[in-house]
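Descriptive structure summary
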Amino acid sequence: MRNTKYYILFVLIAFVGLQACNDNINLEPEGIITEENFFTSPADFDKALVAAYARWNSSGRYHWMETTTDNAITTHGWNLGYDLGYGIASSFSYFPDNKWSQCYVSIQRTNTIIQNIDNYDWESNGKEDERARILGEARTMRAFYYYELVGLFGRPMMILETPSTVEQAESVKQAANPKEVFDFILKEMEEAIPGLPEYPANKSLIGQAAARAFRARFAASAAGYLNDNEYYKIVRDETAEILKMQYSLADNYEDLFTIGNEKLSETILLRMYNVEFKNWWGENYPQSVWGYSVVVPTKSLVDAYEYIAPQVEYRPYENKDPRFKASIYAPGMEFRWGYYNTIPNNVQNGMFHPDRDYADLNDRSVVEGDVFGEGGGGEWNKTPTGFNTKKYFSEPDTWDTYNNLVLVRLAEVMILRAEALTVLGENESEARSLIQTIRARAGNTNSIDDVVADRYNGSFLELIRNEQRVEMAMEGMRPFDIRRWGIFEEVTKEPVQGIEYRQFVDKDDNLLPEPVHVVKQVIDADARKIVSENYFWWPIPQKEMDQNGDRIEQNPNW
């Protein structure tokens, strides 16, 4: 009996002791961030926005996007865009998978901000304006990524809240059609804009002008994809508001893409870099100066630049719209310590051959190493078209520079407005004035009336579209433009070509009686036919199809 009493007493003491210990234990795990314990101040929301902003370039891959169009092509099989550009893509291809995944990572980050916005008591702390700003930035970014998804895949999965259970995840639905997505993002933007600052603290942050420009861009795409010009009224109205603000075209087109562009009155939104956080665009540079020629322009893009003076037979890349030399390296252009050259058998003793093309450029040597089979090493890194990308390269430190990526600038706003006014049949004189201003800034002295008659079959709208192409070349807009204009199949069915030049010797190095005109061929018509007929919508990644079963439908032809 005595032992039983002692045993019971021991158990009671132990129980009380354990209960006392529990009262002193912090059951909340320390150092682990969750949605519930993180969003406790405005600073927390700004930190979350920083993580969302970090996705701009990762999701965009702007140079790579151009390689899926008629503007550019890529070189190596491992490059993003290779499968889509060469007509060998599948639902297992890396670029569609990468784009889909990166967009949804970005959407998840913005969703987290949006659905937790009221975890903090903004009203009691007198910070309602800050709440509106944060919400406006997050909703703008989310709309941007859905714009990319709808523009490439047509019917993305509509995830408007981050699922926390299997049941919630399984309830996510695929968009019924592109209109559902476009209408959603346009409404999102309409509601977000009033809460944004008119002029944000710096150009890496979304303000009203950037958001309005995005909404105009989205609406222009909606008009084309949905074949409904009523959406151009949104373009007209949003661009009108931006033109009232304190932005103006930069004096020098080339300055927009070099270090210091954040100081220019034209730039509205930038993906900003600095000496500690640098970009890495040197992979697109010519092989002769240790680049990889990853994204290279095509003859189709080069031909889009008007001649502003007569063409010279032995120097075909002279006398073009000055935006050409600011954006593309072509034979005969000044390059580092000499001249750029990709023409075979056109150099003698380190200079242009005295009896061949560009012979009069004899004041400096040729930078050798970009012609196939003529030395310089790295054959696999030489441009297949004979052109190289120049836009965005800040000489001489192209591999290790910190010039900012331009996401929104005034010239796009002006072109969109001119397009909207022209399509709607409103105020043609203003539309012409806007386009003339952009061309004059670039140094294009051609008469709009003459060019419309001679080059664009009397269509001012076609001139506007070409202005969009050359002004925004290699800035990642071409994939969406050729789809919204309904010319995707037309422009992507053409074979990919490169430089044109005169060939003076045959394959055995024997001098020809007369030089033969040559256009470099890169991808044949059969491969491009596959692209034009099947690649309007990208394939939804196969892993998404496998994981979602019958809740998601694959795009046609995949």
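Report on the accompanying structure.

1. Re the overall build of the protein
Broken down by element type, the protein carries 22 helices and 14 strands. Out of the 558 residues in the protein, the part that is buried amounts to 56%. A fraction of 70% describes how many contacts in the protein between residues 6 or more apart in sequence connect residues 24 or more apart. By element, 50% of the accessible surface of the protein is carried by carbon and sulfur atoms, the whole surface being about 24600 Å². The protein carries 56 positive and 85 negative side-chain charges, and their two centres are separated by 2 Å.

2. Quick notes on the pairing of strand 4 (residues 267-271)
Across the 5 residues of strand 4, 5 count as buried, placing the element largely inside the fold. Of the strand pairs in this sheet, strand 4 and strand 12 (residues 405-409) are connected by 4 bridges, and their pairing is antiparallel. What sits directly across from L270, in strand 12, is V406.

3. Considering the side chain of N403
The topology assignment puts N403 in the loop between strand 11 (388-389) and strand 12. For N403, a relative accessible area of 0% gives the class buried. Reaching out from N403, the side chain makes a polar contact with the backbone oxygen of Y392 at a distance of 2.6 Å. In terms of polar contacts, N403 uses its side chain to reach the side chain of T401, at 3.2 Å. Residues within four places of N403 in sequence aside, it is in contact with F257, T258, I259, Y273, N279, W281, Y392 and S394.

4. Concerning the nonpolar core
Counting 153 residues, the largest nonpolar core has W56, Y146, I206 and F218 as its most contacted members. Looking at this core element by element, the count peaks at 13 residues for helix 8 (residues 128-153). If near-sequence neighbours (up to four positions away) are discounted, Y146 is found in contact with Y104, I107, P156, M157, M158, I159, L160, V181, F184 and I185. By size, the runner-up hydrophobic cluster in this structure holds 7 residues, among which are Y86, V296, V496 and A527.

5. Some thoughts on the packing of aromatic side chains
Under the counting rule described, the total for this entry stands at 42 aromatic pairs. Ring centres of Y53 and W56 lie 6.3 Å apart, and the angle between their planes is 55°; on these two criteria the pair is classed as tilted. There is no split in this pair, since Y53 and W56 are both buried. The interplanar angle of 50° and the centroid separation of 6.5 Å between the aromatic rings of F144 and Y147 together place this pair among those described as tilted. Of this pair, F144 and Y147 are both found in helix 8, 3 residues apart, which corresponds to roughly one turn of the helix. The class for Y147 is buried, based on a relative accessible area of 4%. Seen from the ring of Y307, K320 lies directly overhead, with NZ or CZ sitting 4.3 Å from the centre. The ring of F536 has R483 lying over it, and the distance from NZ or CZ to the ring centre is 5.6 Å.

6. Focus on the pairing of strand 13 (residues 496-505)
Burial of strand 13 is extensive: 8 of the 10 residues sit out of reach of the surface. In terms of strand pairing, strand 13 meets strand 14 (residues 511-523) through 7 bridges, oriented antiparallel. Residue pairing for strand 14: V505 is matched across the bridge by L511. Taken together, strand 13 and the strand that follows it, strand 14, pair antiparallel across an intervening segment of 5 residues, in which D509 is found at a positive phi of about 75°.

7. Some details on the pattern of salt bridges
Applying the stated criterion across every chain, the model contains 50 salt bridges. For R142, the salt bridge is made with E188, and the minimal N-O distance between the two is 2.9 Å. Of this pair, R142 sits in helix 8 while E188 sits in helix 10 (residues 178-192), placing them 46 residues apart in sequence. Residue R142 shares its accessibility class with E188, and that shared class is buried. Among the salt bridges present, the one from D360 reaches R315, with a minimum N-O distance of 2.8 Å. Linking D360 in the loop between strand 10 (351-352) and strand 11 with R315 in the loop between helix 13 (299-304) and helix 14 (323-327), this pair joins segments that are 45 residues apart in sequence. Looking at R315, the relative accessible area reads 16%, which means it is buried. Here the residues in one salt-bridge network are E266, E306, D321, R323, K391, R409, R439, R441, E467, E471 and E475, joined through shared partners.

8. Some details on a negative patch on the surface
Together, D121, E123, E128 and D129 make up a negatively charged patch on the protein surface. Within the element layout of this structure, E123 appears in the loop between helix 7 (94-115) and helix 8.

9. Points about helix 3 (residues 42-53)
Counted at 1.5 Å a residue, the expected span for helix 3 with its 12 residues is 16 Å, and the 16 Å between its end C-alpha atoms agrees. When we look at burial in helix 3, the residues that qualify are P42, D44, F45, A48, L49, A52 and Y53.

10. Observations concerning the packing of helix 3 against helix 7
Put simply, helix 3 and helix 7 touch, their axes get as near as 9 Å, and they point 160° apart. By the angle between their directions, the pair helix 3 and helix 7 is classed as roughly antiparallel. The two elements helix 3 and helix 7 meet at a crossing, and its hand is left-handed. Between helix 3 and helix 7, the contacting residues are F45, A48, L49, A51 and A52 on the first element and R109, T110 and I113 on the second. Split into classes, the residues belonging to the contact of helix 3 with helix 7 amount to 6 nonpolar, 1 polar and 1 charged.

11. Brief notes about unusual backbone geometry
With phi around 55°, N227 is a residue other than glycine that occupies positive phi space. With respect to the helices and strands, N227 occurs in the loop between helix 11 (208-225) and helix 12 (232-243). In the Ramachandran plot, D509 falls in the positive-phi region, its phi being about 75° despite a non-glycine side chain.

12. What to know about the side chain of D97
Assignment of secondary structure puts D97 in helix 7. Among the polar contacts made by the side chain of D97, one reaches the side chain of K543 at a distance of 3.3 Å. Among all residues touching D97, those that are not within four sequence positions of it are P541 and K543.

13. Describing helix 8
The terminal C-alpha atoms of helix 8 lie 37 Å apart, and with 26 residues this matches the ideal 38 Å at 1.5 Å per residue to within 8%. Of all 26 residues making up helix 8, 21 are buried, and the element is well covered by its neighbours. Positive backbone phi, approximately 80°, marks G154, located one or two places after helix 8.

What counts and what doesn't
Residues numbered from 1 in each chain as written. Predicted model: local features only at pLDDT ≥ 70, side-chain atom pairs only at ≥ 80, totals over all residues. Heavy atoms only, no water. Helix = DSSP H or I, 4+ residues; strand = E, 2+ residues; numbered from the N terminus. Buried < 20%, exposed > 50% of the residue type's maximum accessible area, 1.4 Å probe, protein only. Contact = heavy atoms within 4.5 Å. Areas by Shrake-Rupley, 256 points an atom, 1.4 Å probe, with all protein chains shown as cover. Lys, Arg positive; Asp, Glu negative; His and termini not counted. Charge placed at Lys NZ, Arg CZ, Asp CG, Glu CD. Pairing = 2+ DSSP bridges. Polar contact = N/O pair within 3.5 Å; in protein donor to acceptor, adjacent residues only side chain to side chain. Core = buried A, V, L, I, M, F, W, Y, C linked by side-chain atoms within 4.5 Å. Phe/Tyr/Trp six-rings, centres within 6.5 Å; stacked < 30°, edge-to-face > 60°. Lys NZ or Arg CZ within 6 Å of the ring centre and 35° of its normal. Salt bridge = Lys/Arg side-chain N within 4 Å of Asp/Glu carboxyl O. Patch = residues over 30% accessible without salt bridge, like charges linked within 9 Å, V, L, I, M, F, W, Y side chains within 5 Å. Expected span 1.5 Å × (residues − 1). Axes fitted to C-alpha atoms, helices over the stretch in contact; angles between N-to-C directions. Parallel < 35°, antiparallel > 145°, perpendicular 65-115°, else oblique. Left-handed = near helix turned anticlockwise from the far one by under 90°. Nonpolar A, V, L, I, M, F, W, Y, C, P; charged D, E, K, R; others polar.

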